[in-house]
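# A look at the structure
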Amino acid sequence: MMTDEHNPLLPAGYDIAWSVVAALVIALTLFALIGLARSATRLTGWQGTVWAALIVLVPVIGPMAWLMIGQRVGTVSTERGRP
């Protein structure tokens, strides 16, 4: 009779999958924060603070919102400020 032996040194498949998901979320957050830092001159102090809080406190939606919407908002506010 074969028994189902679990090797504690090898993680289960779902552990590996969740580790990959966590790494992707962290990478997305860092990518968004770096993009925010690069465009800080186009944003007001409050805009930058709100975007940074959104990126850090709302794990996936915050960085995605910055990458899709936030970069354009900074560009539009800069263009409006020109004479």
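Note that the coordinates shown come from a computational prediction; the quantities given were computed from them, not determined experimentally.

A few words now on the overall build of the protein chain. Per the secondary structure count, the protein chain includes three helices and zero strands. Listing the helices and strands of the protein chain from first to last along the sequence gives α-α-α. Burial statistics for the protein chain: of 83 residues in total, 19% are counted as buried. Summarising the internal contacts of the protein chain: among those between residues at least 6 apart in sequence, 57% fall at separations of at least 24. Accessible surface, the protein chain: about 6,600 Å² in total, of which carbon and sulfur atoms supply 71%.

Time to look at the packing of helix 1 (residues 13-38) against helix 2 (residues 45-57). The description of two helices packed together rests on the angle between their axes and the distance between the axes. Between helix 1 and helix 2, the shortest axis-to-axis distance is 10 Å and the interhelical angle comes to 175°. On the basis of the axis angle, helix 1 is roughly antiparallel to helix 2. Residues Thr29, Ala32, Leu33 and Leu36 of helix 1 touch helix 2, and the partners they reach there are Gly48, Trp51, Ala52, Ile55 and Val56. Taken together, the residues of the contact of helix 1 with helix 2 break down into seven nonpolar, two polar and no charged.

Let us look at the packing of aromatic side chains. Considering all chains together, one arrives at one aromatic pair under this definition. Residues tryptophan 51 and tryptophan 66 carry aromatic rings whose centres are separated by 5.3 Å and whose planes lie at 65° to one another, so their mutual orientation is edge-to-face. With tryptophan 51 in helix 2 and tryptophan 66 in helix 3 (residues 61-80), this pair connects stretches of sequence that are 15 residues apart. In this structure, tryptophan 51 and tryptophan 66 share a single accessibility class: buried.

What counts, and at which threshold
- Residue numbers restart at each chain and count upward from 1, following the sequence in its written direction.
- Confidence filtering applies because this is a predicted model: local features only for residues at pLDDT of at least 70, side-chain atom pairs given and counted only at 80 or more, and all residues used for totals across whole chains, interfaces and linings.
- Only hydrogens and water are set aside; all other atoms, that is, all heavy atoms of the structure, feed into the side-chain values.
- Numbered from the N terminus, helices here are DSSP runs of H or I no shorter than four residues, and strands are runs of E no shorter than two.
- Here's how the labels work: a residue is buried when its accessible area is under 20% of the maximum for its type, exposed when over 50%, partly exposed in between, all with a 1.4 Å probe on protein chains only.
- Any two residues whose heavy atoms approach within 4.5 Å are treated as being in contact.
- Throughout, the Shrake-Rupley method with a 1.4 Å probe supplies accessible areas, and for residues the shown protein chains are the sole cover considered.
- A fitted line through C-alpha atoms serves as each axis, taken over the contacting stretch for helices, and the angle formed by two N-to-C directions is quoted from 0 to 180°.
- When describing relative orientation, an angle under 35 degrees is termed roughly parallel and one over 145 degrees roughly antiparallel, while 65 to 115 degrees is termed roughly perpendicular and anything else oblique.
- Gly counts as polar in this scheme, as do all residues outside two lists: the nonpolar Ala, Val, Leu, Ile, Met, Phe, Trp, Tyr, Cys and Pro, and the charged Asp, Glu, Lys and Arg.
- Any pair of Phe, Tyr and Trp rings, taking the six-membered ring for Trp, is counted once the centres come within 6.5 Å. Such a pair is stacked with planes under 30 degrees apart, edge-to-face with planes over 60 apart, and tilted for the rest.

By themselves, these figures tell us nothing about what the structure is for.
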